[in-house]
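Read off the chains here:
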Number of protein chains: 2
Amino acid sequence: MAQEPHVTALAPGATIGILGTGQLGRMLALAAARLGLKVHIYGPESAAPAHQVADAFTMAAYDDAAALERFARSVDVVSYEFENVPEETAQRLAQSAQVFPPSAALRVAQDRLVEKRHLEALGIPVAPFQAIDSAADLESAIKAGLAPGILKTRRFGYDGKGQTRITSDTAPTEAFAEIGHQPAILEGFVEFDREISVIAARGQDGTFVPFDVAENVHKDGILHTSTVPAKIDPATAKKAIAMAHRLMDNLNYVGVLGLELFHCPGSGGARQDRPTLIANEFAPRVHNSGHWSMDACLTCQFEQHVRAIAGWPLGDGGRHSDVVTSALTMT
Amino acid sequence: MAQEPHVTALAPGATIGILGTGQLGRMLALAAARLGLKVHIYGPESAAPAHQVADAFTMAAYDDAAALERFARSVDVVSYEFENVPEETAQRLAQSAQVFPPSAALRVAQDRLVEKRHLEALGIPVAPFQAIDSAADLESAIKAGLAPGILKTRRFGYDGKGQTRITSDTAPTEAFAEIGHQPAILEGFVEFDREISVIAARGQDGTFVPFDVAENVHKDGILHTSTVPAKIDPATAKKAIAMAHRLMDNLNYVGVLGLELFHCPGSGGARQDRPTLIANEFAPRVHNSGHWSMDACLTCQFEQHVRAIAGWPLGDGGRHSDVVTSALTMT
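A. Examining the overall build of chain A more closely. Across its full length, chain A holds ten helices and 15 strands. Taken over C-alpha atoms, the radius of gyration comes to 20 Å for chain A, in line with the 20 Å a tight globule of 331 residues would show. Dimensions along the principal axes, computed over C-alpha positions, put chain A at roughly 60 × 55 × 45 Å. When the 331 residues of chain A are sorted by exposure, 54% land in the buried category. Roughly 14,500 Å² of accessible area belongs to chain A as shown, and the carbon and sulfur atoms make up 50% of that amount. Of the side-chain charges in chain A, 28 are positive and 38 negative, and the distance between the mean point of each set is 2 Å.

This is the structure in structure tokens:
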């Protein structure tokens, strides 16, 4: 049976606590300010992008129990700008404050193996994968024909870090050393023609408001452009959005989430057995590939996230313009 | 001959100083932050809306010479959120920093008599008016048939304050006392069917980018709704925008300005002598009747103002949606 949604709506002037001091925290703070909410930023940095626009900040480590408790008591709800918030930190905060998105989303997103299994269990296709806990595991996987693929640490990977390419010729010991002898997964290559992402918001009352699907191009593992609309057919876009919906309902998610997917060519016809969409990973937070929503939508991802965690009605996520977001190359 | 425009473009991360701590200062600060600029707020208040989102603030009086000088030296450009910045304050600041909009705009806008004469000299129609420096002046004006009308202090009036209605029966001494024995003007009534406003930006290079004309409804002297598009014919809208353009070019204006106009019925035909548009007043700042630009335009008035004073190219002010902004009634 579905959980009865419990909504706690913040009053105007209430304070949102955000873990993390970076650009996403800054943009969340700006969105909160536009909605008449105050922002308290928490993080170990002494000077960072989010500080410049926040009403208050606490400079403390993520494992500073006393500082976390003071922080939680001084705010009306806690959220975060990055998915690697230590689970213990989230649990400590949850003793004194509501924390959104829920810790289940953190737990799943922080571990690639757990994430892949979770998505698979929800019927969301993922690339073939294998848990790798040692060089010996990697050797067996290569022998079993799982190469070529990518060896990825289960935790703390982003922007292509903690990853290495594996072929049938790879020396397992060296490759496992390269990723720091960390628990990992070996992911089989996926033949895709496009990368897309679904950014969507889910409110405390279960309302789901997706943005249009974006098409993303990465360079050197870093997001380079997002183009909306994506050049995929409407039925596929609908399917991608339905996957995000299923995932967010399953996690009883509150806030904005980004789900990255591979769009695979040649499915249908002779290759009917292959799914058109394969999930890569999801981020339980506002997402770099959703920045275009600031310029092209009635309500941007940052405002949606703040509305969701504040227990407010979600805004209209409709898009009024076609848009390309491009990473500035500073030379 | 036209002045050669001199453009000083701020680098990302530069600091904008804003005089005034209120809601417009807050929205300017948020726009500056979105553009990657820092904000330093100056004003006598200890806790106010703009403080919550600014990187720095100085709590000091507008006549504190030492504080003003420190402030001016710590920022890269100075602007303001209200038109009653004392001229001496602006002059002091201008010794150490660039100040936009220019002081000429402040000087004209701060005095209703100077303002009316200035607009008239530019061929922008205004209501019939008469300078009133005493009860005796008022008595003569009433005798000369200038009533009914509104007696308004020349300086420091806003939202209907410092005004009183004058009829042929008004006792001049009492009416002049009511507005505090201030130098004033008596403005003849204008028969209008709509109030409209033009919000426009002008860059340091002279580029002019208007927003669409808004139609405004006031309640008890306070702006109640702004609706865009205004229900006026396109030629009249064009004319209104041309008036703002003329005024801003004349003042060598930099930033956003709001020009309020009365739209008068029945001109043309038998009443060809009466102008369709009569200017009420202008504000040398972002304007309450331009808030809709935040939701309905590609670039809002706050971003345009920041772009202008930063010496950056103005954005596209195009409107993507029809819109009504309505004042919240807190009950």
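Here the narrative resumes.
B. Representation of the interface of chain B and chain A within the structure. Each partner contributes to the interface: chain B provides 14 residues, whereas chain A provides 14 residues. Area buried by chain B at its contact with chain A is led by B:Leu30, B:Arg34 and B:Gln52, which between them contribute 37% of it. At the boundary of chain B with chain A, the tally comes to five residue pairs in polar contact (both at pLDDT 80 or more). Broken down by element, the residue count for the side of chain B that touches chain A peaks at four residues, all from helix H1 (residues 23-34) of chain B. Looking at the side of chain B that touches chain A, its residues break down into six nonpolar, four polar and four charged.

C. Structural context of the relation of the copies chain B and chain A. The two copies are related by a screw operation: chain B maps onto chain A through 180° of rotation and 0.0 Å of translation along the axis, at an RMSD of 0.0 Å. Here the two chains are linked by the operation of a two-fold rotation axis. Judged by C-alpha distance, B:Val53 is the residue of chain B that lies nearest the rotation axis, at 2.2 Å.

D. Main features of helix H10 (residues 301-309) of chain B. Counting buried positions over the nine residues of H10(B) gives nine, a clear majority of the element. Buried within H10(B) are the following residues: B:Gln301, B:Phe302, B:Glu303, B:Gln304, B:His305, B:Val306, B:Arg307, B:Ala308 and B:Ile309.

E. Just the sheet that holds strand S6 (residues 149-153) of chain B, in detail. Residues and elements named next belong to chain B. What the four strands build is an open sheet, ordered S5-S8-S6-S7; its pairing is antiparallel. Where the open sheet ends on each side, the last strands, each with one partner, are strand S5 (129-132) and strand S7 (163-166). The average angle at which neighbouring strand axes cross in this sheet is 25°, direction not considered. Bridging between S5 and strand S8 (residues 184-188) involves four bridges; their strand directions are antiparallel. Bridged to Phe129 within S8 is Glu187. Along the sheet, helix H5 (residues 112-121) makes contact with S5, S6, S7 and S8, crossing S5 at roughly 150°.

F. Geometry of the sheet that holds strand S7 (residues 163-166) of chain A. Residue and element names in this part refer to chain A. In spatial order, the strands read S5-S8-S6-S7; together these four strands make up an open sheet with antiparallel pairing. Only two strands of the sheet have a single neighbouring strand rather than two, namely strand S5 (129-132) and S7. Each strand axis lies, on average, 25° off the axis of its neighbour in the sheet, ignoring direction. Those strands touched by helix H5 (residues 112-121) are S5, strand S6 (149-153), S7 and strand S8 (184-188), and its axis lies near 150° from that of S5.

G. Spotlight on the pairing of strand S11 (residues 214-219) of chain B. Residues and elements named next belong to chain B. Direction of pairing for strand S9 (residues 194-202) relative to S11: antiparallel, over a ladder of three bridges. From the neighbouring strand, Ile196 faces S11, where its bridge partner is Glu215. Pairing of S11 with strand S12 (residues 222-228) involves five bridges; the strand directions are antiparallel. Bridge pairing in S12 places Val217 opposite Thr225.

Criteria and thresholds
- Residues numbered from 1 in each chain as written.
- Chains lettered and ligands numbered in written order.
- Predicted model: local features only at pLDDT ≥ 70, side-chain atom pairs only at ≥ 80, totals over all residues.
- Heavy atoms only, no water.
- Helix = DSSP H or I, 4+ residues; strand = E, 2+ residues; numbered from the N terminus.
- Rg over C-alpha atoms; globule rule 2.2 N^0.38 Å.
- Buried < 20%, exposed > 50% of the residue type's maximum accessible area, 1.4 Å probe, protein only.
- Areas by Shrake-Rupley, 256 points an atom, 1.4 Å probe, with all protein chains shown as cover.
- Lys, Arg positive; Asp, Glu negative; His and termini not counted.
- Charge placed at Lys NZ, Arg CZ, Asp CG, Glu CD.
- Contact = heavy atoms within 4.5 Å.
- Buried area = accessible area lost by both parts, 1.4 Å probe.
- Polar contact = N/O pair within 3.5 Å; in protein donor to acceptor, adjacent residues only side chain to side chain.
- Nonpolar A, V, L, I, M, F, W, Y, C, P; charged D, E, K, R; others polar.
- Least-squares fit on C-alpha atoms with pLDDT ≥ 70 in both.
- Pairing = 2+ DSSP bridges.
- Axes fitted to C-alpha atoms, helices over the stretch in contact; angles between N-to-C directions.

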